[in-house]
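Okay, here's what each chain looks like letter by letter:
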Amino acid sequence: MAATDFKDYYAILGVSKTASQEEIKQAFRKLARKYHPDVNPNNKQAEARFKEVSEAYEVVSDVDKRKKYDQFGQYWKQAGEGFPSGGVGADMGGFDFSQYGNFDEFINELLGRFGGATPRGGRQSYSQNYSNYSQNYSYRSSTGAPSGFSSGFNDYGFGDASTGTSQDTEAVITLTFAEAFNGVQKRFSLGNETIDVRIPSGAKPGTRLRVRGKGQINPMTQQRGDLYLKVELQPHSFFQMEGDNLVCEVAITPDEATLGASIDVPTPDGSVNVKLPAGVRSGQSLRLRGKGWPLGKGGRGDQLVKVAIAPPKDLSQQEREYYEKIRAIRTYNPRSHLQQVKL
């Protein structure tokens, strides 16, 4: 084979062939940080270098793989420009290197890429191995708390930012409406560790709460990622969420809808009196400004009161008589426009 076929993984990592495992690890960390795609976006050369460094580390960081790689290096020197089947040095340390047509075949089998020797002259795409390294040894391309209403809460913050590294973990936390509205402190168990997390007022469904330094440990840097808690709300018997607004549905009687009325409506601050305009329709919403959900930068959203006209099911004799009189003298026909409807 050509001399360029063999890859000197020690030279790629910038260490000597007698380097210790710790020296190899330190060299890999330095190069991985330097060439990682997150640090060099859209840089194909850096990406290729990162893949090369990752492959080198995958081999020489493992004692058994490193031993076979070193033996193959000795065989390659003896074989010179070709790979004789048998011949000098073909069997080294009880392992027959002459079965491989080139360096790629040896590495592919060593790393389990094909489960055996590859077709001669072939080379496996490195995307899968690169993906594994990208997952296990990734670095943030930028720092800082996620956007949203995170200020003023020390190590905790809300936002929709990406977790950024594979050492970040996510879990779901379910809150009652009262806990999310008022804020609450929750205690969690992470393995043998117990942490207290303060959830500020105003958490909404889908809100992600970041707890710094409570994620998984990066095996290379020994630094911990972040823990993200995704908020879910338990269903409430009266209130619902629509964006920043709190929504409820209130039933009214036909006479209240027709004549207008003043009704009491529950809000997070207690009941308030709401004036219904005459002729209000079922499904129409009335807005109570500043009575909704807490906003991240202070203030409150609105509470929307959806009106539902509820006709009585059980009428007294007198009520039935009056409804029949109204029907007899009624002049309004809400379906008059349907007479003109055609295909």
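Residues numbered from 1 in each chain as written. Predicted model: local features only at pLDDT ≥ 70, side-chain atom pairs only at ≥ 80, totals over all residues. Heavy atoms only, no water.

A. Quick look at unusual backbone geometry. A positive phi angle, close to 60°, is found at Asn42, a residue other than glycine. Tracing the backbone through its elements, the reader meets Asn42 in the loop between helix H2 (21-35) and helix H3 (44-60). (Helix = DSSP H or I, 4+ residues; strand = E, 2+ residues; numbered from the N terminus.)

B. Local environment of the sheet that holds strand E14 (residues 303-309). Ordered by their spatial adjacency, four strands build an open sheet running E9-E10-E14-E13, and the pairing between neighbours is mixed. Whereas interior strands pair on both sides, the edge strands pair on one side only; in this sheet they are strand E9 (239-242) and strand E13 (285-288). Strand-to-strand twist in this sheet, taken as the mean axis angle between neighbours without regard to direction, amounts to 30°. As defined by bridge partners, E9 adjoins strand E10 (residues 245-252) across four bridges and the pair is classed as antiparallel. Counted as the bridge partner of Gln240 is Val247 from E10. (Pairing = 2+ DSSP bridges. Axes fitted to C-alpha atoms, helices over the stretch in contact; angles between N-to-C directions.)

C. Highlighting the packing of H2 against H3. Where H2 meets H3, the closest approach of the two axes is 9 Å, and the angle between their N-to-C directions is 165°. The orientation of H2 with respect to H3, classified from their angle, is roughly antiparallel. Crossing hand, H2 versus H3: left-handed. Contacts between H2 and H3 involve Gln21, Ile24, Lys25, Phe28, Leu31, Ala32 and Tyr35 on the former and, on the latter, Ala46, Glu47, Arg49, Phe50, Val53, Ser54, Tyr57 and Val60. Of the residues contributing to the contact of H2 with H3, the split by class is ten nonpolar, two polar and three charged. (Parallel < 35°, antiparallel > 145°, perpendicular 65-115°, else oblique. Left-handed = near helix turned anticlockwise from the far one by under 90°. Contact = heavy atoms within 4.5 Å. Nonpolar A, V, L, I, M, F, W, Y, C, P; charged D, E, K, R; others polar.)

D. The nonpolar core, seen in detail. Counting 35 residues, the largest nonpolar core has Leu175, Val197, Ile199 and Leu229 as its most contacted members. Judged by nonpolar contacts, the second largest core, of 29 residues, contains Ala19, Ala32, Tyr75 and Leu110. (Core = buried A, V, L, I, M, F, W, Y, C linked by side-chain atoms within 4.5 Å. Buried < 20%, exposed > 50% of the residue type's maximum accessible area, 1.4 Å probe, protein only.)

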